[in-house]
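What the coordinates show
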Amino acid sequence: MDLRNLSNKNNLDFPNTDKIMRFQVVADSGSSAGTISSIPVTLDDGGTPGSARGSLATMSLTPEMAVAKRVLRVKRQGGEWTINEETWEDVEKSGFTRCFAIPRRNSVEPWTIVNESGGWFHPVHIHLVDAKIIARNSNGGKPFAWETGPKDVFYASENESITLLMQFDTGPDSPGGRYMMHCHNLVHESTT
């Protein structure tokens, strides 16, 4: 049995990117150590309510907990990819001091990712944080069924917006933190 990437209508078709993994199902796979008899109804999302760090389980976050709202606009502008009209070169020129946001420790924020790049999709990745998708304009305002758990990559289709809810737990010794974000489209690397 093969797991295949059917991709998106506008994805560039590089050789073999559609081949993900091959499974061989056999009658006796050997030792039963490490196997489970059923999939748990609820999977652990890594949150540790009441911990010394103050983090909450990602899926227990609610919009009422939010202290700031932010919007990221992803688009191609002047032949380069931008987030809120800034390029990576802008960040470099600032000596890496230019930031979209520096969330306060343990703050909860909703971020809306708006894809204004026409015929491109964007799997946006935010480092060091999981999020709960709370809205997607292409699905009647709701996340898709496969998005009902914590995520760290957020698929923004063409001309779509999605809203995420995140708690920024930057560690006990930090008043706030920086979280690198980027698009996981490798084709951006060769077109910017």
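The structure we're discussing is the one just above.
Description of the structure in this document. Everything numeric here is computed off the predicted structure, so don't read it as measured data.

Within the protein, the secondary structure is distributed over two helices and ten strands. For the protein, the succession of helices and strands along the chain, N to C, is β-β-β-β-α-β-β-β-β-β-β-α. Buried residues in the protein amount to 32% of all 192 residues. When contacts within the protein are restricted to residue pairs at least 6 apart in sequence, those whose partners lie at least 24 apart make up 72%. As presented, the protein carries roughly 12,300 Å² of accessible surface, and 55% of it is formed by carbon and sulfur atoms.

We now examine the sheet that holds strand S4 (residues 80-83). Strand-to-strand pairing in sheets goes through backbone hydrogen bonds, with the strands running parallel or antiparallel. Ordered in space as S4-S3-S5-S9-S7, the five strands form an open sheet in which the pairing is mixed. Looking at which strands have only one partner, the edges of the open sheet turn out to be S4 and strand S7 (131-136). The sheet shows a mean angle of 20 degrees between the axes of neighbouring strands, direction not considered.

With that settled, the discussion passes to the nonpolar core. With 18 residues, the main nonpolar core has Trp111, Ile113, Ile126, Phe154, Leu164 and Met166 as its most contacted residues. If you list the elements that add at least two residues to this core, you get strand S3 (70-77), strand S5 (107-115), strand S6 (122-126), S7, strand S8 (153-156) and strand S9 (161-168). Among the elements that line this core, the one with the most residues is S9, at four residues. Those residues within four positions of Phe154 in sequence are excluded, and the remaining contacts are Ile113, His122, Pro123, Val124, Ile126, Ala131, Ile133, Ile162 and Leu164.

A few words on a nonpolar patch on the surface. The grouping of Met1, Leu3, Ile20, Met21, Phe23 and Val25 at the surface amounts to a nonpolar patch, some 640 Å² of accessible area in total. Examined against the element boundaries, Leu3 turns out to sit in strand S1 (residues 2-4).

This part is about the packing of aromatic side chains. Counting across every chain of the model gives six aromatic pairs. The interplanar angle of 80 degrees and the centroid separation of 5.1 Å between the aromatic rings of Phe100 and Trp111 together place this pair among those described as edge-to-face. On the criterion of sequence distance, the pair formed by Phe100 in the loop between helix H1 (88-93) and S5 and Trp111 in strand S5 is long-range, its members being eleven residues apart. Given a relative accessible area of 24%, Phe100 falls into the partly exposed group. The class of Trp111 is buried, set by a relative accessible area of 2%. Between the aromatic rings of Phe144 and Trp146, the centroid separation amounts to 4.7 Å while the plane-to-plane angle is 10 degrees, which identifies the pairing as stacked. Residue Phe144 is classed as partly exposed on the basis of its relative accessible area, which comes to 21%. Classification of Trp146 by relative accessible area gives exposed; the value is 60%.

Thresholds, definitions, all that
- Residues numbered from 1 in each chain as written.
- Predicted model: local features only at pLDDT ≥ 70, side-chain atom pairs only at ≥ 80, totals over all residues.
- Heavy atoms only, no water.
- Helix = DSSP H or I, 4+ residues; strand = E, 2+ residues; numbered from the N terminus.
- Buried < 20%, exposed > 50% of the residue type's maximum accessible area, 1.4 Å probe, protein only.
- Contact = heavy atoms within 4.5 Å.
- Areas by Shrake-Rupley, 256 points an atom, 1.4 Å probe, with all protein chains shown as cover.
- Pairing = 2+ DSSP bridges.
- Axes fitted to C-alpha atoms, helices over the stretch in contact; angles between N-to-C directions.
- Core = buried A, V, L, I, M, F, W, Y, C linked by side-chain atoms within 4.5 Å.
- Patch = residues over 30% accessible without salt bridge, like charges linked within 9 Å, V, L, I, M, F, W, Y side chains within 5 Å.
- Salt bridge = Lys/Arg side-chain N within 4 Å of Asp/Glu carboxyl O.
- Phe/Tyr/Trp six-rings, centres within 6.5 Å; stacked < 30°, edge-to-face > 60°.

Any functional reading would require information beyond the geometric quantities listed.
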